[in-house]
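# Structure at a glance
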Amino acid sequence: SKHMNDFKHEMTVNNVLKDFADDDADGFGQVTASLDYHYHLSRRVAVGLETGWSYNSYGIYTNEWIGHLVPDVPSENVENHHATFTSRAFFVAPSVKYQWYETGNRLFRFYSRLAVGAFRQHLTFKPHGMEGVERVDRTRWHCATHLVFAGVEFGHQFIRLYSELGYGTQGIFTTGFKITL
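This is a predicted model, so every value here is computed, not measured.

Criteria and cut-off values
Residues numbered from 1 in each chain as written. Predicted model: local features only at pLDDT ≥ 70, side-chain atom pairs only at ≥ 80, totals over all residues. Heavy atoms only, no water. Helix = DSSP H or I, 4+ residues; strand = E, 2+ residues; numbered from the N terminus. Buried < 20%, exposed > 50% of the residue type's maximum accessible area, 1.4 Å probe, protein only. Contact = heavy atoms within 4.5 Å. Patch = residues over 30% accessible without salt bridge, like charges linked within 9 Å, V, L, I, M, F, W, Y side chains within 5 Å. Areas by Shrake-Rupley, 256 points an atom, 1.4 Å probe, with all protein chains shown as cover. Salt bridge = Lys/Arg side-chain N within 4 Å of Asp/Glu carboxyl O. Phe/Tyr/Trp six-rings, centres within 6.5 Å; stacked < 30°, edge-to-face > 60°. Lys NZ or Arg CZ within 6 Å of the ring centre and 35° of its normal.

Now for the environment of Gly171. Along the chain, Gly171 falls in the loop between β7 (159–168) and β8 (173–180). The exposure class assigned to Gly171 is partly exposed, which follows from its relative accessible area of 25%. Sequence separation between Gly171 and Val148 is 23 residues, and the spatial gap between their C-alpha atoms is 9.7 Å. Excluding anything up to four places from it in sequence, Gly171 contacts His146 and Gly166.

Given below as structure tokens:
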């Protein structure tokens, strides 16, 4: 029978769905998904590729929000008006993963990971009934970075659950499952 470390290929799936509102925004919706692939060079080191996509949309009612998001809009035109702001983003980043501890029964693994790549974001601002304010479409490119300080995997052979504490493109705290082939 094969041991877990004999499996070289690993795929990670992460999906987050959020929907909430506050006093200044008319509902905020977010959908994100990511897929990672890692190839194990050794028992401790893996290299791979991380990809992800996100969509955010919300309505804005105050000039404070609009001023932060679209600074070139005159504030006298936005007071007590409504606008819609959307963001679509995609990232791709090569990564390196280092497993720094594994329990004797291979049930738990602890690791760190670093990914650096490209991040593309398309922002859209749609004013509703604002005189002299036009729709804004912008595309931005950024460096995509993600550092996992500590990650833990739990499970056996083919499917494992994971949780990570990190900072960067994929957020601060992520959870999901891994398929090992």
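A contiguous nonpolar surface patch, about 730 Å² in accessible area, is contributed by Phe108, Phe154, Phe158, Ile159, Leu161, Phe177, Ile179 and Leu181. Mapped onto the elements of the fold, Ile179 is located in strand β8. Note on Ile179: relative accessible area 31%, which makes it partly exposed.

Turning our attention to the packing of aromatic side chains. This model, assessed by the stated rule, comprises 3 aromatic pairs. Relative to Phe110, the ring of Trp100 lies with its centre 5.9 Å away and its plane at 35°, an arrangement referred to as tilted. Taken as a pair, Trp100 in strand β4 (residues 82–102) and Phe110 in strand β5 (residues 108–128) lie far apart in primary sequence, 10 residues in all. Trp100 sits in the partly exposed class, given a relative accessible area of 40%. Judged by its relative accessible area of 25%, Phe110 is partly exposed. An aromatic cluster is defined as three or more aromatic residues linked by ring pairs; in this entry it consists of Trp100, Tyr101 and Phe110. The ring of Tyr111 has Lys97 sitting right over it, with the charged end atom 4.3 Å from the ring centre. The ring of Tyr162 carries Lys178 above its face, with NZ or CZ at 4.9 Å from the centroid.

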